[in-house]
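Here is what each chain is made of, one letter per residue.
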Amino acid sequence: MAGKFWMKYGLLACGVLLAGTAQADFPTVPKETFDALKIDRSASPKVLHDALLKRYMDPGQGAGKGKYGSYWEPLPISKYLDPNNFYKPPTSVKDIATREQCVKCHTDESPGWVALWKKSTHANLDKIRKLTPKDDTFYKKAKLAEIETNLRSLGKLGATEQLKEVGCIDCHVDINTKKKADHRADIKMPTADVCANCHLQEFAERESERDTITWPKGQWPKGRPSHALDYIANVEVEVYAGMSQREIADGCTMCHVQQNKCDGCHTRHEFSVANSRKPEACGTCHSGADHNNWESYTMSKHGKEYESKGKTWNWNLQLKDMIAKGGQDAPTCQSCHMEFQGKFTHNVVRKVRWANYPFVPGIRENIKTEWAEKRLDAWVKTCTSCHSERFARAYLEFMDNGTYSGLDKYDEAHDVVERQYKSGLLTGQKTSRPKPLAPSVSEGRGKMSMNAWVRTCTDCHTADRARDFLEIVDNGPSPMLDKELERYNDVHEVKGGPVGQMTPNRPKPPAPVPPGFEQFFQIYWSKGNNPAAIELRLFEMAEDHLVQLHVGLSHQHWGFTYTVGWAALNRGYVEIMDEDTKLKEKLALMERVAKLEGNKTSLLDLNGTDGKITLGSLGGGLLLTGGIALAGWSRRKKNNGR
Amino acid sequence: MAGKFWMKYGLLACGVLLAGTAQADFPTVPKETFDALKIDRSASPKVLHDALLKRYMDPGQGAGKGKYGSYWEPLPISKYLDPNNFYKPPTSVKDIATREQCVKCHTDESPGWVALWKKSTHANLDKIRKLTPKDDTFYKKAKLAEIETNLRSLGKLGATEQLKEVGCIDCHVDINTKKKADHRADIKMPTADVCANCHLQEFAERESERDTITWPKGQWPKGRPSHALDYIANVEVEVYAGMSQREIADGCTMCHVQQNKCDGCHTRHEFSVANSRKPEACGTCHSGADHNNWESYTMSKHGKEYESKGKTWNWNLQLKDMIAKGGQDAPTCQSCHMEFQGKFTHNVVRKVRWANYPFVPGIRENIKTEWAEKRLDAWVKTCTSCHSERFARAYLEFMDNGTYSGLDKYDEAHDVVERQYKSGLLTGQKTSRPKPLAPSVSEGRGKMSMNAWVRTCTDCHTADRARDFLEIVDNGPSPMLDKELERYNDVHEVKGGPVGQMTPNRPKPPAPVPPGFEQFFQIYWSKGNNPAAIELRLFEMAEDHLVQLHVGLSHQHWGFTYTVGWAALNRGYVEIMDEDTKLKEKLALMERVAKLEGNKTSLLDLNGTDGKITLGSLGGGLLLTGGIALAGWSRRKKNNGR
Amino acid sequence: MAGKFWMKYGLLACGVLLAGTAQADFPTVPKETFDALKIDRSASPKVLHDALLKRYMDPGQGAGKGKYGSYWEPLPISKYLDPNNFYKPPTSVKDIATREQCVKCHTDESPGWVALWKKSTHANLDKIRKLTPKDDTFYKKAKLAEIETNLRSLGKLGATEQLKEVGCIDCHVDINTKKKADHRADIKMPTADVCANCHLQEFAERESERDTITWPKGQWPKGRPSHALDYIANVEVEVYAGMSQREIADGCTMCHVQQNKCDGCHTRHEFSVANSRKPEACGTCHSGADHNNWESYTMSKHGKEYESKGKTWNWNLQLKDMIAKGGQDAPTCQSCHMEFQGKFTHNVVRKVRWANYPFVPGIRENIKTEWAEKRLDAWVKTCTSCHSERFARAYLEFMDNGTYSGLDKYDEAHDVVERQYKSGLLTGQKTSRPKPLAPSVSEGRGKMSMNAWVRTCTDCHTADRARDFLEIVDNGPSPMLDKELERYNDVHEVKGGPVGQMTPNRPKPPAPVPPGFEQFFQIYWSKGNNPAAIELRLFEMAEDHLVQLHVGLSHQHWGFTYTVGWAALNRGYVEIMDEDTKLKEKLALMERVAKLEGNKTSLLDLNGTDGKITLGSLGGGLLLTGGIALAGWSRRKKNNGR
């Protein structure tokens, strides 16, 4: 009895002591991060948490709407995507509830939430406390102790108090709160920093991505691409900010929220860590036209082994133990990408070399540098879990060289289309190439389509009335327009302005996207002949097919030659060359017609453009047999480094 | 002993009584159906069954070959697709077999059938009778009792008789028959009405789809789209009836047979209800270019949760219990689409709003009506199983608005192509646009290709002989053709006619498809320049990419922006705009050539067409720099409601 | 005791006797193979093994680099793809290790290998010896006895010796070796013949593919397509040998190595036979644009049944028992393709009829021959495991006819494009159609791209220096080039030659690919306008869409009509017809311009080309309404058998 008494109070004292002197020295968090935060490894959890939080919340360091933030407004769904900026508690629910009442009421209101939570570790902390070394998840016992240390350091848990559970109220109001929750005042959508109250190590690991990817020549901004800064990476894309189709723009945001939230991988409300170890946790986002990781993995031998046998692996084990003890037969996304030098963490960027997009300027030139070679060596170490070093190096060389081949093929096509652009010869380039995302609100009805306006106007007017009015606007300045605008200004909130300014919620002038050739925005936004078909074709070679080639190569999906990737690049090249020849033939015919019309000097002898065109004298017969002998496009422009 | 005697006979008497007064009052069958059938909820199973059967078998209400039925003949495979119309018992099997002999012989003849059946509930009714409330499938005990009530009402089961099993003979000859089966006379392929002998409730639920989807402005025919009328929906498509490539046409039929059969979802011969609760039961059909439901679901978080954990859910439970008791973590097709106001039934159309095809005329205008708002509210209720109402409404608004954006983008492209069509300027429109599916049998060798004819002729002739003859036919009227036709008519069944009529099995004149612009048949049938490439491109924007956008949005597949859907719509738009500018440039050049040829009046100043073209005076220099300053296409046509 | 003594030595004696008289009479190995090897069924395992090995290793019968072998050099990865030709033991590892030391050291060096091996049967032969008839894998006991018989016949196992295990050293050095392994001298990568030491039956079955597919009219070379000759089939493709992008070329090789290795299906290092019975074992290779078997199967009812329930089937059973005893609900790749006349073997070609590529000359004409009918009958037998014969025949007819429809559609498009080609009218055909894979090393900088050269040169020079030099080369003969080449030749290994010969590792002149129309190489290699866009489009109709149609049909993937296959063929046809009409219109306009220029005779009245063009007199009005009345292309060419 006395012994037990001693143990109890001794441990208690110990707990207090530990809390007082707790250090957040997580070996998996790299030095770079402690340096960047200007704190010491011996800092307490609270100090680390506060330092991370300050940076995390700082708009100057990537939080929030970004530099184009004034150009767009959140949608109703946005409150769930960036809660720190857009979430407001619900005004329609008046209940003020205890911890237990939350669960009780939501068992009826949203049974799925509660059913999942009841299966979770969050709802069963006692089970964790009872684990023995024989249990697969025994490691969670130490994790729980660590979490309680964190909470004590943060002042959220008493020195001798045990965390009872993690329920609705703990994440949606405050961890371990004893108060009631007022829906209209207290409810919040948890962001990553909320998870970090307990899971500080994992948050610190994830946040360390900001510090461990710094590109030698600024190919990408510091700390990117990464999960830690994926939201800012999204909202600072010009076309994101400038598109009037907000839901389409937010199609990208749907994945680009890992910066803000943890439940992209740790699916609510069970938050099963076993489940987040499976490739499916990554597949929802890492899939599709320009990041076909899921498709490539699942079609590889690795992925097929997972599909075939993965259900029998012991997912309760930590990643580090799954091959030796869990029956893991083949790599998963997690076992390769979360590993670095034999350790597994939430920093997935330390081995990045190609960064998924080989065409990004400076990327290919960087592959043979010391910076990239170190990262290659780290990859080799990863592969040697299951392959010889010789095999790994042979394959990685194969991957790199295959990617170079794709780049070279793309380059050839690029030069041809760029020459057309520099000569002003893209379809409609001189006549029908609206400025990209131009601030057109002061010009007619703005960039919203007729139908979008009709839907807006029919809140108050008939559709016919709306269309009549908008057609008058479209027809441009006229006495009738003046009259209509007078009436319009009398009754609408915003006076004196053209129709584009008529609704309070009208989109602001969009972000200025500089005019130019082969731009990213063109795969989401188009108007008239911006982009030209051949230009978009070219960009898709870079953005989609080249990526698919590289990702296929890097994930051992053999379709990279004949299904995605190379065959598609080849097709793009062929179509571009075909269009180019046809264009030259058309120009030659136009030249002949111009001569017949009496133009003395060749109209194609244009000077002053960058890509000067010289059409030699052409025989009609040649033309009629299907081709022309163009003297060739000048190639004297400076090679642009490709 | 006496007690037991009483119980036995008491129950028997009870059974008789129940059979006599049995009501088919299935709460899950909506009022609309009882009204439509003009029967009362208190009607007996037999009355309900007979009323449903009468409608089900009525060619005037959707049974059979449909209004174009005279234009096509069934294939050998068709007997399995529409057994009621095309199935005949096999003539080659002479066995007359008892219930037991069926099983015995087919254990050798087709072991898969028997092995699956032996696993089925049908083969193990005794197991059902022994279930206790502790068993997952205890609910089946009541279901069996209900089924026996149905059979008694139909006179298929004695008042005190228990159903022993459901074997080969029960479905392929007659339920609970005591007779032997003569293969050549008695064998039938079970259709939905056969299943309905026992599963009356489920059949009635399914048939209620006819009654619960009635479109405010006839956007779709009454009761469609639905499983209940999916066969008639297929065979009444003009291109289905008119295509000579019957196997291609029946590619659609392969799925469009749910009206006729139940084993599309309830896979024969195990008919496992647990299995039919899984998304795979839907995926075979609900997938592909213009109904990418499977692809979207499996790439969503919902689908990935299913892939990741679904194998651990308890599929033996009824849908209503799977979240609370079965560990279901994420929705399935079934848990959302079979649910309505908290109940699960075989009617899946009561929440339909967009009906998969946003471009169908009248659909988008209908979304904000009261009709659709009620259905939206029903969806919100569905989502609140696992989400807050606020979240659900925000997302559904997101989905609707994203779909509108796609429609607007499509509209712009549509207007451009339609203007070309109205001006007669589509490629080959005036010279090489054969009437769609024209009855060409009287013109030369008909619509069958050379090779198809050669295969036909080589039943009797050499291929060389056949080709020589057919080339003569192709070369048109000539003395040699006359001579050949004379010989031909002497020896072939059909006299006096051209070669197109020479075989008894020649296809009948196909269904008349009215000529017109951007029609459905063009994605399956083409000839010469019908359709023009730009026209097909446009239609694919509507039929494929717009649908993929909408289905992606509605199933939370984030690829809707950059992989399927929007990016593809953008691409289509860009290509169409490019072609349009090129066309205008070509017309301008032709105008210049015409002037040089001495034509005084501008040939492009055409009046009388809807989309009048006006080419202003064009400077040669402008042309040579790659564009022309067209004065613009007239936009004075009435806005068509888009 | 005496009894046991007798048993032991009796069995031993028996073993010796059996080894002495062992016959390799595997009933599953067809007569054709014994005939081809000129050995008797009663031959010993050693005789069979030696005969098979001799053929397997014979370059004259398909081993090695093939007839274009001098044109390409292996990559570092090639040593793993064709070990018999390219593998050399590692020089960097100096260890000389015992059987036990291999395992011990590699537990650290490559833990995945060892972990997988420890799960394998190879590592647990004792478990096999203890199996009883009640065990699912009891059949393995006899298999092990057979293997030991083989080894004894080969002199690899003592007459009374039992095989203890199959460890690293057994496959990577020599089976049952007692020696130490010197990494630098002894290590080998096991090829199929190594596996055949033990698994002789399976190897013989696989090798029998060479003997059981002989095409009536040489449509394919003898024994192909097959796993047994898939490597030679790959390396003897001209474009494989001729491409400078070696990694892209070897994208095909990644699958085309089944001839060389067994671990394509029997995944190393567990070599689980249960796992190789699953469709995933096939899917890695049998998928993609032109062999979409995986995609079609998984989207079929069969595949969806597998996805839904397959995890519950008993995969430990042999294929023959899986339906009756293993709960198999639906066919897998293996259960259909490895079956022949009720038996399952590693010969998968005996039912081949269409051979995946319907457009290969002579294939379609062969379908109705006796040769193919026998194979059809064998398929019908396969299907009757689960379907009636009538159903099977109806479906197979459906499949064949659907494929014919695709062929006919393709033919129409083919004729149009071929006519352009014969008239010399493909885009750039007369002006920009480089010879395919021409030996261009002596012409300028060769076929390597500028960037590829820059990367090569920057081993010694700056990129700027390299580019300056290469631009001089590109600009063609000049005094500056002479001077540069002089300096170049002074310092580079290869003297006197142009820049294309400057590096020792430069690619050899590529294999001569004859110029021609619509060739296979065009989907991987292109230059200028070879191929023309329309030509590639056409070839993709044949190589991709026609295959997808056929494979969809043959695997019951209903998307063959509207997603892959037919709809894509229709699209290709429409685009080709559109381009053809545009071309004719362009030619007509050019004719008018030529007339204006004073050309008296019509330049389109060209004689001497195969596809003679005759343009009648064209009215300008006609042209301006969007079309022209071409008098038509001559169709007098001989029909080419399609």
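These lines cover the structure that appears in this document, whether it is placed above or below. (Residues numbered from 1 in each chain as written. Chains lettered and ligands numbered in written order. Predicted model: local features only at pLDDT ≥ 70, side-chain atom pairs only at ≥ 80, totals over all residues. Heavy atoms only, no water.)

## Observations regarding the overall build of chain A
Threshold: Numbering of helices and strands starts at the N terminus; helices are DSSP runs of H or I of at least 4 residues and strands are runs of E of at least 2. With a 1.4 Å probe rolled over the protein chains alone, any residue whose accessible area is under 20% of its type maximum counts as buried; one over 50% counts as exposed, and the rest are partly exposed. Only the protein chains shown count as cover for residues, with accessible areas throughout obtained via the Shrake-Rupley method and a probe of 1.4 Å.
Helices and strands together make up the secondary structure of chain A, namely 32 helices and 4 strands. Expressed as a percentage of the 642 residues in chain A, the buried residues total 57%. When the accessible surface of chain A is summed, it comes to about 27,300 Å², and 56% of that surface belongs to carbon and sulfur atoms.

## What about the interface of chain C and chain B?
Cut-off, in case you're wondering: Contacts are residue-level and defined by heavy atoms, with any inter-residue pair within 4.5 Å sufficient. A pairing counts as a salt bridge when a side-chain nitrogen of Lys or Arg comes within 4 Å of a carboxyl oxygen of Asp or Glu. A 3.5 Å cut-off defines polar contacts: any pair of N or O atoms within that distance qualifies, except that in protein one atom must be a possible hydrogen donor and the other a possible acceptor, and neighbouring residues in sequence count only when both atoms are side-chain atoms.
Every contact between the two is made by 64 residues of chain C and, on the other side, 84 residues of chain B. For the pair chain C and chain B, the interface holds 7 salt bridges. In this structure, the salt-bridge partner of Glu270 of chain B is Lys309 of chain C, at a minimum N-O distance of 2.7 Å. Along the contact surface separating chain C from chain B lie 34 residue pairs in polar contact (both at pLDDT 80 or more). Every element with two or more residues in the side of chain C that touches chain B is listed here: α21 (301-309), α26 (389-422), α31 (566-596) and α32 (620-624) of chain C. The leading source of residues in the side of chain C that touches chain B is α31 of chain C, at 16 residues.

## Topic: the environment of Gly402 of chain B
Structurally, Gly402 of chain B can be placed in helix α26 (residues 389-422). The sequence separation of Gly402 of chain B and Leu553 of chain B amounts to 151 residues, and the corresponding C-alpha distance is 7.3 Å. Residues contacting Gly402 of chain B, with those up to four places away along its chain left out, are Glu247 and Ile248 of chain A together with Leu549 and Leu553 of chain B.

## Here's the deal with the interface of chain A and chain B
You'll often see interface size given as the accessible area lost when the parts meet. Heads up, the rule is: Here the buried area means the combined drop in accessible surface, using a 1.4 Å probe, for two parts upon being joined, counting both sides. In this classification, Asp, Glu, Lys and Arg are treated as charged, Ala, Val, Leu, Ile, Met, Phe, Trp, Tyr, Cys and Pro as nonpolar, and every other residue, Gly included, as polar.
Contacts between the two partners involve 84 residues from chain A and, on the opposite side, 64 residues from chain B. Summing both partners gives a buried area of about 6,400 Å² for chain A against chain B, and 56% of it is carried by carbon and sulfur. At the junction of chain A with chain B, the criterion picks out 7 salt bridges. Here Glu412 of chain B and Lys527 of chain A are joined by a salt bridge, their closest N and O atoms 3.0 Å apart. For the pair chain A and chain B, the interface holds 34 residue pairs in polar contact (both at pLDDT 80 or more). Of all the elements in the fold, those that place two or more residues in the side of chain A that touches chain B are α4 (78-81), α7 (111-119), α17 (246-253), α19 (280-283), α27 (450-457), α28 (463-474), α30 (533-554) and α31 (566-596) of chain A. At 9 residues, the largest contribution of residues to the side of chain A that touches chain B is made by α31 of chain A. For the side of chain A that touches chain B, a count of residues per class yields 38 nonpolar, 23 polar and 23 charged.

## A closer look at the pattern of salt bridges
Oppositely charged side chains can form a pair if their charged atoms are brought close together. A complete count under the given rule lists 117 salt bridges over all chains for this structure. Note that Lys143 of chain A is salt-bridged to Glu146 of chain A, the shortest N-O span being 3.3 Å. Here Lys143 of chain A and its partner Glu146 of chain A are both found in helix α9 (residues 139-153), 3 residues apart, which amounts to about one turn of the helix. Glu146 of chain A gets classed as partly exposed once you look at its relative accessible area, which sits at 21%. One salt-bridge network, held together by shared partners, links Lys119 and Glu270 of chain A together with Glu305, Lys309 and Asp329 of chain B.

## Quick notes on the side chain of Gln429 of chain A
All names here are of chain A. Position of Gln429 relative to the elements: it lies in the loop between α26 (389-422) and α27. The buried category is assigned to Gln429, whose relative accessible area is 15%. From its side chain, Gln429 meets the backbone nitrogen of Leu425 in a polar contact 3.3 Å long. If near-sequence neighbours (up to four positions away) are discounted, Gln429 is found in contact with Gln420, Tyr421 and Gly424.

## Re the relation of the copies chain C and chain B
Going by this rule: Fitting of the copies onto one another was done by least squares over C-alpha atoms, counting residues only where both copies have pLDDT of at least 70.
Of the transformation placing chain C onto chain B, the axial shift is 0.0 Å and the rotation is 120 degrees, giving an RMSD of 0.1 Å. Taken together, the turn and the small shift mark the pair as related by a three-fold rotation axis. Closest approach to the rotation axis among the C-alpha atoms of chain C is made by Val593 of chain C, whose C-alpha sits 3.9 Å away. Interface overlap between copies is the fraction of interface residues in one copy that are interface residues in the other; for chain C against chain B it is only 6%, indicating separate surfaces.

## A closer look at the relation of the copies chain A and chain B
Two chain copies, one operation linking them: a rotation about an axis together with a shift along it. Note on the copies: chain A fits chain B at an RMSD of 0.2 Å, the axial shift is 0.0 Å, and the rotation between them is 120 degrees. The overlap is low: 5% of the interface residues of chain A also sit at the interface in chain B, so different surfaces are used on the two sides.

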